[in-house]
Amino acid sequence: MKEFLENFRLEKYRFVLTPHEVLKLSSYPGSSLRRDFIPVFKQITCIEPHGECSNCTQQDDCVFYLTMENKIRNFDNEYLKRFQTPPKPFIFEPPLARKSFYTKNEDLIVDLLLIGKAVKYFPHFFAAFRRLGDQGMGRNRGKFFIHKVFRIDLLKNDVLEELVLNPQLSSGEEGSFFLADLYEHFRVKEENQISQVQVSFLTPLRMKRAGSETWHLSFRILMRNLLTRISNLGYSYCDYPDFYHFSDLIYEAGAVKTLQEDLTWEDWRDPRRNKAGGGVSKFGGYRGNIVYQGNLTDFWPWLKLAEILHLGKNCSFGLGRVAVEAKS
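The structure presented is a predicted model; accordingly, all values stated were derived computationally and were not measured.

## Looking at the overall build of the protein
Counting its secondary structure elements, the protein contains 8 helices and 14 strands. Summed over all atoms, the accessible surface of the protein reaches about 16100 Å², with 45% contributed by carbon and sulfur.

Written out as structure tokens, the structure is:
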């Protein structure tokens, strides 16, 4: 198991953005970031920013394609056809507070996690943030500047160092962490058995069939989603030769019971992503808490990895963010 995680590389950064005047964002800041960051990132990285990725002959060398539009091309494998479009190799974590206005006296703090091959693209993300600040973001196209950037220690969940902001800003090996190290860090000693955990969804959780009247987030569904996400990211961006299935662990998750479920459905909208009918796109998901009970000791390090990698769909701009807590 550990061998599978050894090449899964991660780096995390914290951007401190200071408005020049006022930033007016959506009620969920990730919505504004999703809408405004992607086109600017394409301007920075694409040789034909007004073209379509599907018709481009430079896909293998294009940073934008590899981070935003990547597709698995192994159609000989029937199993992999289900995962033709892998999750994006980055995760933005905007503030959890439902705050829409930021003045020049209030910094907007956004964390960025880069995964696998995307680690080397940090300078592109930095350049895109700088240009986004010049062009403006949010409902009023408010302008901002990058005040500070920190590298985050994923083991301690704390600042590792402040980066010097200059044109040669780059990622470095000293800031890298690997999923195997994180897994070992979170493993529980034998004398500290865990029989009950609370999983809290801090931002809306989106999953297949979520929202239907008969859908419930069993522990098996949760673990299958997390482990499939890890496999997909590893295969797509960490040069893994095969798609790891975790069959035994998913089977064992079926023995864990749901003790308490307190989830509520929540919609957030992106008014600029119009549907064909002229309406607005909805991105709903569950928020709240769920308590599981059973032999959870072996699952604990995986649940802690879910705090870093998020769960469900649309994780790249902050959805599916979770916190886990062992309960006595």
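## Some details on empty space enclosed by the protein
All told, the structure shown has 2 cavities of 30 Å³ or more when counted by the stated rule. One number sums up the size of the largest cavity: a volume of about 40 Å³. In this structure, the largest cavity is lined by Leu25, Pro29, Leu33, Pro94, Pro95, Leu108, Val110 and Met137. Among the elements of the structure, α2 (29-45) and β5 (108-115) are those that each provide at least two residues to the lining of the largest cavity. Grouping the constituent residues of the lining of the largest cavity by class yields 8 nonpolar, no polar and no charged. Counted as a void, the second largest cavity has a volume near 30 Å³. Contributing to the lining of the second largest cavity are Tyr28, Phe92, Glu93, Pro94, Pro95, Leu96, Thr203, His310, Gly318 and Arg321.

## Digging into the nonpolar core
Among the nonpolar cores identified, the biggest contains 53 residues, and Phe8, Phe201, Met223, Tyr292 and Trp302 are the most heavily contacted of them. Considering every element that reaches this core, the biggest residue donor is helix α6 (residues 219-237), with 8 residues. Leu33, Val63, Leu132 and Leu163 belong to the second largest nonpolar core, which has 38 residues in total.

## Regarding the packing of helix α5 (residues 179-186) against helix α8 (residues 300-309)
Two numbers describe how α5 lies on α8: the axes approach to 8 Å, and their chain directions differ by 125°. As judged from the angle between their axes, α5 and α8 are oblique. As α5 packs across α8, the resulting crossing turns out to be right-handed. Contacts between α5 and α8 involve Leu179, Leu182, Tyr183 and Phe186 from the former and Trp300, Pro301, Trp302, Lys304, Leu305, Ile308 and Leu309 from the latter. Tallied by class, the residues present in the contact of α5 with α8 amount to 10 nonpolar, no polar and 1 charged.

What counts, and where the lines are drawn
- Residues numbered from 1 in each chain as written.
- Predicted model: local features only at pLDDT ≥ 70, side-chain atom pairs only at ≥ 80, totals over all residues.
- Heavy atoms only, no water.
- Helix = DSSP H or I, 4+ residues; strand = E, 2+ residues; numbered from the N terminus.
- Areas by Shrake-Rupley, 256 points an atom, 1.4 Å probe, with all protein chains shown as cover.
- 1 Å grid on protein atoms, 1.4 Å probe; cavity = no way out; pocket = protein on both sides within 12 Å on 5 of 7 lines; lining within 4 Å.
- Points joined across faces, edges and corners; volume = space filled by probe spheres on them.
- Nonpolar A, V, L, I, M, F, W, Y, C, P; charged D, E, K, R; others polar.
- Core = buried A, V, L, I, M, F, W, Y, C linked by side-chain atoms within 4.5 Å.
- Buried < 20%, exposed > 50% of the residue type's maximum accessible area, 1.4 Å probe, protein only.
- Axes fitted to C-alpha atoms, helices over the stretch in contact; angles between N-to-C directions.
- Parallel < 35°, antiparallel > 145°, perpendicular 65-115°, else oblique.
- Left-handed = near helix turned anticlockwise from the far one by under 90°.
- Contact = heavy atoms within 4.5 Å.

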